[in-house]
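An overview of the molecular structure
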Amino acid sequence: FAEAFNNLGVLLREGGDLGKAAAALERAVALNPELTAARFNLGLTYEEQGRFEDAERQYRITIEQLPNDPVPRINLAMMYLGLDRRDDAAAQLRAARPQVRGDVLLSIAVGEGFRRAGAPSEAVGVLETALRQAGSPPPTELLAELSLAYYATGDLDRAEDTMRRAVGQDERDPALQYAYGSILAKRGEVGKARSHLVRAVKLDPEGPYAARARARLDALK
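To keep things clear, this report deals only with the structure shown in the data block. In this text the structure is predicted, and so the values were computed from the model without any measurement.

Okay, helix α9 (residues 140–153) next. The end-to-end C-alpha distance of α9 is 20 Å, a good match for the 20 Å that 14 residues give at a rise of 1.5 Å each. Buried within α9 are the following residues: T140, L142, L143, A144, E145, L146, S147, A149 and Y150. In this structure, the buried residues of α9 make contact with α7 (104–116), α8 (120–133), α10 (156–169) and α11 (174–186). Of the residues flanking the end of α9, it is G154, one or two places downstream, whose phi is positive at about 95°.

Pasting the structure below:
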């Protein structure tokens, strides 16, 4: 009953008991080495435990078993980014890129990965394709990530325009307000930048972006 051990492992992992989760998933893989869901979940569990070499091994086996599925590659790339292995991450993202066409959410993940890997031009290519494929209005997350990719390439005009669209779709998101304020500050539009940074603080005074916004406001004084 490999599937039952896989399901048990997922429940234990979601409950935070990583040790028992790993044991259940290891049992599932031992019973059925071809059960890719168990291998993928085992990779996730090992990663959360900080067992990165073990996680990498399970992700790579999953990729071999599911060569046309971009999700294991994306997860492996994100783990590499956390380990500052940017070249390895970019290689996995390039392999996943043609597989995510038509899937906006996965395209956002690949675009973010490319940006964090230091390849913002590739991020722009993926995200612009996703934007053409998205419905109207496009997902706010897509607009925000595309703006950050433009910013990373130095294209402040398109970064500001795209982030303005994202903020217009969700004015109560402190992360968007902070990002927009930061872009405006970079362009030298200090007054507008202040208003959005202040807005970020007011929306979530104890949140992670409030501290960043306060620091940015202090720098603008």
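The next point concerns the side chain of E160. When you line up the elements, E160 lands in helix α10. One polar contact links E160 to R187, side chain to side chain, over a distance of 3.0 Å. Apart from the residues lying within four places of it in its own chain, the contact partners of E160 are Y180, I183, L184, R187 and E189.

This part is about the packing of aromatic side chains. Summed over all chains, the structure comprises 2 aromatic pairs. Pairing F40 with Y59 gives two aromatic rings, centres 5.9 Å apart and planes at 50°, and the pair type is tilted. A residue pair is termed long-range when its members are at least 10 positions apart, and F40 in helix α3 (residues 36–49) and Y59 in helix α4 (residues 52–65) qualify at 19 residues. Y59 gets classed as buried once you look at its relative accessible area, which sits at 0%. An angle of 45° between the planes, with centres 5.8 Å apart, marks the rings of Y178 and Y209 as tilted. Of this pair, Y178 sits in helix α11 while Y209 sits in helix α13 (residues 208–220), and the two are 31 residues apart along the sequence.

Counted at 1.5 Å a residue, the expected span for α8 with its 14 residues is 20 Å, and the 20 Å between its end C-alpha atoms agrees. When α8 is considered as a whole, its buried residues turn out to be P120, A123, V124, G125, V126, L127 and A130. Check the buried side of α8 and you find it contacts α7 and α9.

In this fold, I74 is placed in helix α5 (residues 70–82). For the pair I74 and E128, spaced 54 residues apart in sequence, the C-alpha separation works out to 19 Å. Sequence-distant contacts of I74, defined by excluding residues within four places in its chain, comprise A96, V100, L106, A109 and V110.

Moving on to the pattern of salt bridges. When the charged atoms of two side chains with opposite charge come close together, those side chains can pair. Overall, the coordinates contain 17 salt bridges when judged by the stated rule. Its salt-bridge partner being R164, residue E160 comes within 3.4 Å of it at the nearest N-O pair. Of the two residues, E160 and R164 are both situated in helix α10; the distance of 4 residues between them amounts to about one turn of the helix. Looking at R164, the relative accessible area reads 40%, which means it is partly exposed. When salt bridges that share partners are traced, they join D157, E160, D161, R164, R187, E189 and K192 into one network.

Conventions we followed
- Residues numbered from 1 in each chain as written.
- Predicted model: local features only at pLDDT ≥ 70, side-chain atom pairs only at ≥ 80, totals over all residues.
- Heavy atoms only, no water.
- Helix = DSSP H or I, 4+ residues; strand = E, 2+ residues; numbered from the N terminus.
- Expected span 1.5 Å × (residues − 1).
- Buried < 20%, exposed > 50% of the residue type's maximum accessible area, 1.4 Å probe, protein only.
- Contact = heavy atoms within 4.5 Å.
- Polar contact = N/O pair within 3.5 Å; in protein donor to acceptor, adjacent residues only side chain to side chain.
- Phe/Tyr/Trp six-rings, centres within 6.5 Å; stacked < 30°, edge-to-face > 60°.
- Salt bridge = Lys/Arg side-chain N within 4 Å of Asp/Glu carboxyl O.

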